[in-house]
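Listed below are the residues making up each chain.
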Amino acid sequence: MGRPPWAAVAFCILIIMLAGSSCAPTEPYINLAEAGVTYAQAMDKLLDACIDISVNATSERMLQNKLLATPTLADYNAQTQVDRDRIIILRRLQSHARLMGEYFQALNDLAASKAPSQIADSIGSIVDPLNALGQELRGSDLLKNKGAVATGTQLVVGSIIRGRLRRELEQRKDTIDGELQLQAELLKALAGAMDADLKQISEIQEQRLVIKPLIDSRAISNPDQWVAARHRFLTTPQVSQELNGASEAVSRLRLAFEESVAGSLNRDRVKGLLADFGSILEFAESLKR
């Protein structure tokens, strides 16, 4: 005996209701979480290298200036304070990137969790300090064009997204979008600053460690060290190029986030982001070897 017609209709309605009550597929948030965590790791190491470059550039300038006139203690303190201020900014940017990675991980947890209430309640402990750091970074002298990050995109949450995840995105989507925009602009600005510092370090050190010993009438005291120094100046990869690449990758991460909010994330875009951030992380790790 077959099922009555109304049973088939009721079954179809039930399936539709269950589908409508579910959250968006979790895969986009798993991928975004992985991209966000890899980005945070890459920025942590790359910004450590930027701190080294910034301090070394000041030290090289101090040594060069000493050849012209003996500096005073006040001169030293003033230049050292500039380094301290720059280090504070870069440490804040490291923390900002780390918190962004934690936010994407929290979105994944929220999408996948069977009991999302506790996760939703804890996300504020990530976003509040993220936003506070963002306000401090917006006021830093590193960001020359303050208007570039004045406003973010007004995003609309896709109809496929339900429950706690939807409420979270409705509440904070524009804030996260704005913070990603800020990161991209800061990395672009930092790339310019690092490019200037690296050129200065290279010029001063090459003159001091390579050219001056070579044209001196006396023999080079350590030929192997001289050869290694010259090789380093000619072959060292440029951190500024990686920072520009990171800025572009963060812009693509921002676009991926906007797509995930709309419920239309391009999987190939996230795969590309993972490759980009993985390459930046590999480069940053190579600087410490």
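Peer 1: If you had to explain the overall build of the chain to someone new, which residues and values would you point to?
Peer 2: Within the chain one finds nine helices and zero strands. For the chain, the sequential pattern of α-helices and β-strands runs α-α-α-α-α-α-α-α-α. Within the chain, the fraction of its 289 residues that count as buried is 39%. Restricting the contact set of the chain to residue pairs at least 6 apart, pairs at least 24 apart contribute 83%. Carbon and sulfur atoms make up 55% of the accessible area of the chain, which totals about 15900 Å².

Peer 1: Can you break down the environment of Ile204 residue by residue, with the values?
Peer 2: Among the structural elements, Ile204 can be located in helix H6 (residues 163–215). A relative accessible area of 10% places Ile204 in the buried class. Separated by 147 residues in the primary sequence, Ile204 and Ala57 have C-alpha atoms spaced 9.2 Å apart.

Peer 1: Describe the environment of Ala42, naming the residues involved and giving the relevant values.
Peer 2: Relative to the helices and strands, Ala42 is located in helix H2 (residues 27–66). Overall, Ala42 belongs to the buried group, its relative accessible area being 0%. Spatially, the C-alpha atom of Ala42 lies 7.8 Å from that of Glu282, the residues being 240 residues apart in sequence. When sequence neighbours within four positions are dropped, the list of residues in contact with Ala42 reads Phe277, Ile280, Leu281 and Ala284.

Peer 1: Residue-level account of helix H5 (residues 124–138), with values.
Peer 2: Working note: α-helix, 3.6 residues per turn, so residues spaced by three or four point in the same direction. Relative to the 21 Å expected for 15 residues at 1.5 Å per residue, H5 spans 21 Å between its end C-alpha atoms, a close match to the ideal helical length. Every buried residue of H5 is listed here: Gly124, Ile126, Val127, Leu130, Leu133, Gly134, Leu137 and Arg138. Taken together, the buried residues of H5 touch helix H3 (73–112), helix H4 (117–122) and H6.

Peer 1: Would you mind going over the pattern of salt bridges in detail, with residue names and values included?
Peer 2: Across all of its chains, the model carries 16 salt bridges by this definition. A salt bridge links Arg91 to Asp48, with the nearest nitrogen and oxygen atoms 2.7 Å apart. One end of the pair, Arg91, is in helix H3; the other, Asp48, is in helix H2, with 43 residues separating them in the sequence. Here Arg61 and Asp197 are joined by a salt bridge, their closest N and O atoms 3.7 Å apart. Note that Arg61 is positioned in helix H2 and Asp197 in helix H6, a separation of 136 residues in sequence. Classification of Arg61 by relative accessible area gives partly exposed; the value is 24%.

Peer 1: Explain the environment of Ala229 to me, using residue names and the numbers behind them.
Peer 2: Note on placement: Ala229 falls in helix H7 (residues 223–235). Residues Ala229 and Glu206 lie 23 residues apart in sequence; the distance between their C-alpha atoms is 7.9 Å.

Peer 1: Please set out the confidence of the model for the chain residue by residue, giving values where relevant.
Peer 2: Looking at the chain as a whole, its pLDDT mean stands at 84, while 87% of the residues score no less than 70. Counting interchain partners and residues more than four positions distant, the pLDDT-below-50 stretch residues 5–24 has 10 contacts.

Peer 1: Can you tell me about the packing of helix H8 (residues 239–262) against helix H9 (residues 267–286), naming the residues and giving the values?
Peer 2: One can describe the packing of H8 onto H9 by two numbers: an axis separation of 10 Å at closest approach and a directional angle of 155°. When the axis of H8 is compared with that of H9, the two are roughly antiparallel. Seen from above, H8 lies across H9 with left-handed handedness. Residues Val239, Glu242, Gly245, Ala246, Ala249, Val250, Arg252, Leu253, Leu255, Ala256 and Glu259 of H8 form the contact with H9, whose participating residues are Arg269, Leu273, Asp276, Phe277, Ile280 and Phe283.

Peer 1: Could you give me a rundown of the packing of aromatic side chains, with the residues and numbers involved?
Peer 2: Applying the stated criterion to the full structure yields three aromatic pairs. Where Tyr39 meets Phe277, the ring centres are 5.0 Å apart and the plane angle is 50°; that geometry is what we call tilted. Within this pair, whereas Tyr39 is found in helix H2, its partner Phe277 is found in helix H9, the two being separated by 238 residues in sequence. Ring centres 6.2 Å apart and planes at 65° place the aromatic pair Tyr103 and Phe104 in the edge-to-face group.

Peer 1: Run through the side chain of Glu179, naming residues and quoting values.
Peer 2: Summarising the element assignment, Glu179 is placed in helix H6. On the accessibility criterion, Glu179 (1% relative accessible area) is buried. Once you skip the residues sitting within four places of it in the chain, Glu179 turns out to touch His96, Met100, Leu130, Asn131, Gly134 and Arg138.

Peer 1: Any details on the packing of H2 against H6? Residues and values, ideally.
Peer 2: Following both chains from N to C, one finds H2 and H6 inclined at 30°, their axes separated by 8 Å at the closest point. Classified by the angle between their axes, H2 and H6 sit roughly parallel to one another. Remark: the crossing between H2 and H6 carries left-handed chirality. Partitioning the contact of H2 with H6 into residue classes produces 16 nonpolar, six polar and four charged.

Peer 1: An account of the nonpolar core is requested, with residue identities and associated values reported.
Peer 2: With 67 residues, the main nonpolar core has Met43, Tyr103, Leu169, Leu190, Leu243 and Phe257 as its most contacted residues. It is H6 that contributes the most residues to this core, 13 residues altogether.

Rules behind the numbers
Residues numbered from 1 in each chain as written. Predicted model: local features only at pLDDT ≥ 70, side-chain atom pairs only at ≥ 80, totals over all residues. Heavy atoms only, no water. Helix = DSSP H or I, 4+ residues; strand = E, 2+ residues; numbered from the N terminus. Buried < 20%, exposed > 50% of the residue type's maximum accessible area, 1.4 Å probe, protein only. Contact = heavy atoms within 4.5 Å. Areas by Shrake-Rupley, 256 points an atom, 1.4 Å probe, with all protein chains shown as cover. Expected span 1.5 Å × (residues − 1). Salt bridge = Lys/Arg side-chain N within 4 Å of Asp/Glu carboxyl O. pLDDT = per-residue confidence, 0-100. Axes fitted to C-alpha atoms, helices over the stretch in contact; angles between N-to-C directions. Parallel < 35°, antiparallel > 145°, perpendicular 65-115°, else oblique. Left-handed = near helix turned anticlockwise from the far one by under 90°. Phe/Tyr/Trp six-rings, centres within 6.5 Å; stacked < 30°, edge-to-face > 60°. Nonpolar A, V, L, I, M, F, W, Y, C, P; charged D, E, K, R; others polar. Core = buried A, V, L, I, M, F, W, Y, C linked by side-chain atoms within 4.5 Å.

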